[in-house]
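# Observations on chain architecture
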Amino acid sequence: GQQVMQIPQYQHVQEGEDFTTYCNSSTTLSNIQWYKQRPGGHPVFLIQLVKSGEVKKQKRLTFQFGEAKKNSSLHITATQTTDVGTYFCAGRRPGGSQGNLIFGKGTKLSVKP
Amino acid sequence: DTAVSQTPKYLVTQMGNDKSIKCEQNLGHDTMYWYKQDSKKFLKIMFSYNNKELIINETVPNRFSPKSPDKAHLNLHINSLELGDSAVYFCASSLRPGLAGLSNTGELFFGEGSRLTVL
């Protein structure tokens, strides 16, 4: 079945360093969503990308959707300790309004102050 | 007011028991979900209901039975609990993906999770 691969699984950075997580789908997606889950918390929606090549920014976070709509990335500039958590991408397959989201396995970010 | 609330938050039980987790959303959404998150944090969809109708039923043992009495509630009943059922179970809701409206991203609103430990 369709898979959404996400790398790296873990990332340890020094506060102030940049961080990037990547998502790749085996098939074309209709859109991709990103979620953040703080330690002990629940996933919280960050953003959705729909268009081919789309780039969206939220303060220090930059989200990209690939031209082929098969890959996506989340880049955090100058990480802070508040960025700690697990970041999930979730791709929605095209064809059918009931298409469910396929979650990547997440990238767990730890930030050393 | 909590948007998606699930109870209980913690559940510790013995193998072989039957248990239920309840979920309610007050967002007016028409689609609700159950996800299982294992110890490696992998989020796996189990069920999806749209207006009380089962839409998605992934490969889940039939010991798991969802019930949706109305579109604001989706409960999960688990029979004959096994060690491998230990996980955090998240309820979520959304507007139906594909429903017209530029503001509808179909984003999921998750509950706080129910941590199930089977001994």
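A few points on the structure. (Residues numbered from 1 in each chain as written. Chains lettered and ligands numbered in written order. Predicted model: local features only at pLDDT ≥ 70, side-chain atom pairs only at ≥ 80, totals over all residues. Heavy atoms only, no water.)

### Some words on the state of the cysteines
Think of a disulfide as a covalent bridge from one cysteine sulfur atom to another cysteine sulfur atom. Residue and element names in this part refer to chain B. For the structure shown, the criterion picks out two disulfides over all chains. Through a disulfide, Cys-23 is tied to Cys-91; the S-S separation comes to 1.8 Å. Taking the torsion about the S-S bond as the criterion, the Cys-23 to Cys-91 disulfide, at about -75°, is left-handed. In this pair, Cys-23 is assigned in strand 3 (residues 19–25) and Cys-91 in strand 9 (residues 87–94), connecting sequence segments 68 residues apart. Summarising the burial analysis for this pair, Cys-23 and Cys-91 share the class buried. (Disulfide = S-S within 2.5 Å. Helix = DSSP H or I, 4+ residues; strand = E, 2+ residues; numbered from the N terminus. Buried < 20%, exposed > 50% of the residue type's maximum accessible area, 1.4 Å probe, protein only.)

### Here's the deal with the pairing of strand 8 (residues 71–76) of chain A
Residue and element names in this part refer to chain A. Where strand 3 (residues 19–25) lies against strand 8, six bridges are found, and the strand directions are antiparallel. Paired with Thr-21 across the two strands is Leu-74, which belongs to strand 8. As judged from the five bridges shared by strand 7 (residues 61–65) and strand 8, these two strands associate in the antiparallel manner. Bridge pairing links Phe-63 to Leu-74 in strand 8. Linking strand 7 to strand 8, which pair antiparallel, is a turn of five residues; within it Lys-69 sits at a positive phi near 55°. (Pairing = 2+ DSSP bridges.)

### Topic: the pattern of salt bridges
Across all of its chains, the model carries five salt bridges over all chains by this definition. In this structure, the salt-bridge partner of Glu54(A) is Lys56(A), at a minimum N-O distance of 3.7 Å. For Glu54(A), a relative accessible area of 16% gives the class buried. Judged by relative accessible area, which is 30%, Lys56(A) ranks as partly exposed. Residue Glu82(B) pairs with Arg63(B) through a salt bridge whose shortest N-O separation is 3.5 Å. Note that Glu82(B) is positioned in the loop between strand 8 (73–78) and strand 9 and Arg63(B) in the loop between strand 6 (53–57) and strand 7 (64–70), a separation of 19 residues in sequence. On the basis of relative accessible area, Arg63(B) is assigned to the buried category, the value being 13%. Through salt bridges with shared partners, a single ionic network connects Arg63(B), Glu82(B) and Asp85(B). (Salt bridge = Lys/Arg side-chain N within 4 Å of Asp/Glu carboxyl O.)

### Some thoughts on unusual backbone geometry
Here the amide bond leading from Ile7(A) into Pro8(A) is cis, since omega sits at -5°, within 30 degrees of zero. Cis rather than trans, the peptide bond between Thr7(B) and Pro8(B) has omega equal to 0°. Locating Pro8(B) in the fold gives a position in the loop between strand 1 (4–7) and strand 2 (10–13). Its identity as a non-glycine residue notwithstanding, Lys69(A) has a phi of 55°, on the positive side. Classification of Lys69(A) as buried rests on a relative accessible area of 19%. Residue Ala78(A) is not a glycine yet carries a positive backbone phi of 50°.

### What to know about the packing of aromatic side chains
If you walk through the whole model with that rule in mind, you get twelve aromatic pairs over all chains. With a centroid separation of 6.5 Å and an interplanar angle of 55°, the aromatic rings of Trp34(A) and Phe63(A) are classed as tilted. Note that Trp34(A) is positioned in strand 4 (residues 31–37) and Phe63(A) in strand 7, a separation of 29 residues in sequence. The two residues Trp34(A) and Phe63(A) agree in class, both being buried. With a centroid separation of 6.2 Å and an interplanar angle of 40°, the aromatic rings of Tyr33(B) and Tyr35(B) are classed as tilted. Since its relative accessible area comes to 1%, Tyr35(B) is described here as buried. Members of the aromatic cluster, joined through ring pairs, are Tyr35(A), Phe45(A), Phe88(A), Phe103(A), Tyr33(B), Tyr35(B), Phe90(B) and Phe110(B). Here the guanidinium or amino end of Lys105(A) rests over the ring plane of Phe42(B), the centre of that ring lying 5.3 Å away. (Phe/Tyr/Trp six-rings, centres within 6.5 Å; stacked < 30°, edge-to-face > 60°. Lys NZ or Arg CZ within 6 Å of the ring centre and 35° of its normal.)

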